[in-house]
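Structural description and commentary
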Amino acid sequence: MENAYAKIIERLGEDLEREGLKDTPKRAAKAMQFLTRGYQQSLEEVVNGALFPSDNSEMVLVKNIELYSMCEHHLLPFIGKAHVAYIPNGQVVGLSKIARIVDMFARRLQIQENMTKQIAEAIQEVTGAQGVGVVIEAKHMCMMMRGVEKQNGEMKTSMMLGTFRSNPATRNEFLSLVN
Ligand SMILES: [Zn+2]
């Protein structure tokens, strides 16, 4: 990966020997590895057994989970927030685990639509919930810095599973808590 970055910098017409760029291929490779570390994680490892019995069947909502991802079309960042809710079915998952599940899918090459679905399905799989709702809002550098250069273009995606899909009251409660 380091060699590949060196080639890219050379192709830009830059001088790889100059002070500021000398270690850039190494640093860039390390940064890219970090930004895509989700590939090295699994759901089991991230959740690490943090499931607890509960007779609560009210909505559990975690709002404003920071999210840093990389668009798979341009390898540019998209940055935003995830809101995740579920209705427990006999057990709840540790709250920090929800943020870690979001991170595991965000830290890959992604498109926002697929990521939203993957997060919802993972929460469903882990918790066995009656339903799961995920809303993600993000700003895409590939839209803001290139192409149309729309500085305020924010993309919103959602995925509803189980009762969030079948019951309009549940879905509306979730959406009104998020907005
Ligand atoms: Zn893009």
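Residues numbered from 1 in each chain as written. Predicted model: local features only at pLDDT ≥ 70, side-chain atom pairs only at ≥ 80, totals over all residues. Heavy atoms only, no water.

**So, the UniProt feature "binding site: Zn(2+)" (unreviewed entry) in the protein**
Our working definition: UniProt positions are given in the numbering used here, feature names are shortened, and annotations may be inferred rather than shown by experiment. Using a 1.4 Å probe on the protein chains alone, a residue whose accessible area is under 20% of its type maximum counts as buried, one over 50% counts as exposed, and one in between counts as partly exposed. The contact definition used throughout considers only heavy atoms, calling two residues in contact when any of these lie within 4.5 Å.
Look at the UniProt record and you will see "binding site: Zn(2+)" (unreviewed entry) annotated at Cys 71, His 74 and Cys 142. Sequence-wise these annotated residues cover 72 residues; spatially they are packed, their C-alpha atoms never more than 7.8 Å apart. For His 74, a relative accessible area of 33% corresponds to the partly exposed category. Look past the residues within four positions of His 74 in its chain and what remains in contact with it is Cys 142 and Arg 146.

**Considerations on the pattern of salt bridges**
To be explicit about the condition: Salt bridge, as used here: a side-chain nitrogen of Lys or Arg that lies within 4 Å of a carboxyl oxygen of Asp or Glu.
Under the criterion given, the structure shown has six salt bridges. Across the pair Asp 103 and Arg 107 runs a salt bridge, and its minimum N-O distance is 3.4 Å. Take Arg 107: its relative accessible area is 9%, and that puts it in the buried class. Each member of the salt-bridge network shares a partner with another, and the members are Arg 37, Asp 103 and Arg 107.

**Quick look at the packing of helix H1 (residues 2-11) against helix H2 (residues 24-35)**
Let me state the cut-off plainly: Here the axes come from fitting lines to C-alpha atoms, over the contacting stretch only for helices, and the angles between their N-to-C directions go from 0 to 180 degrees. Segments assigned H or I by DSSP are reported as helices when at least four residues long, segments assigned E as strands when at least two residues long, and all are numbered from the N terminus. Angles are sorted into four bins: roughly parallel if under 35 degrees, roughly antiparallel if over 145, roughly perpendicular if 65 to 115, and oblique for all others. Crossings are sorted by hand: turned counterclockwise from the far helix by less than a right angle, the near helix makes the crossing left-handed, and turned clockwise it makes it right-handed. The nonpolar class holds Ala, Val, Leu, Ile, Met, Phe, Trp, Tyr, Cys and Pro. Asp, Glu, Lys and Arg form the charged class, and all remaining residues, Gly among them, are polar.
Two elements in contact, H1 and H2, have axes separated by 8 Å at closest approach and are oriented at 120 degrees. Relative to H2, the element H1 is oriented oblique. The chirality of how H1 crosses H2 is right-handed. Of H2, the residues touching H1 (which contributes Glu 2, Tyr 5, Ala 6 and Ile 9) are Thr 24, Pro 25, Lys 26, Ala 28, Ala 29 and Met 32. Here the contact of H1 with H2 is composed, by residue class, of seven nonpolar, one polar and two charged.

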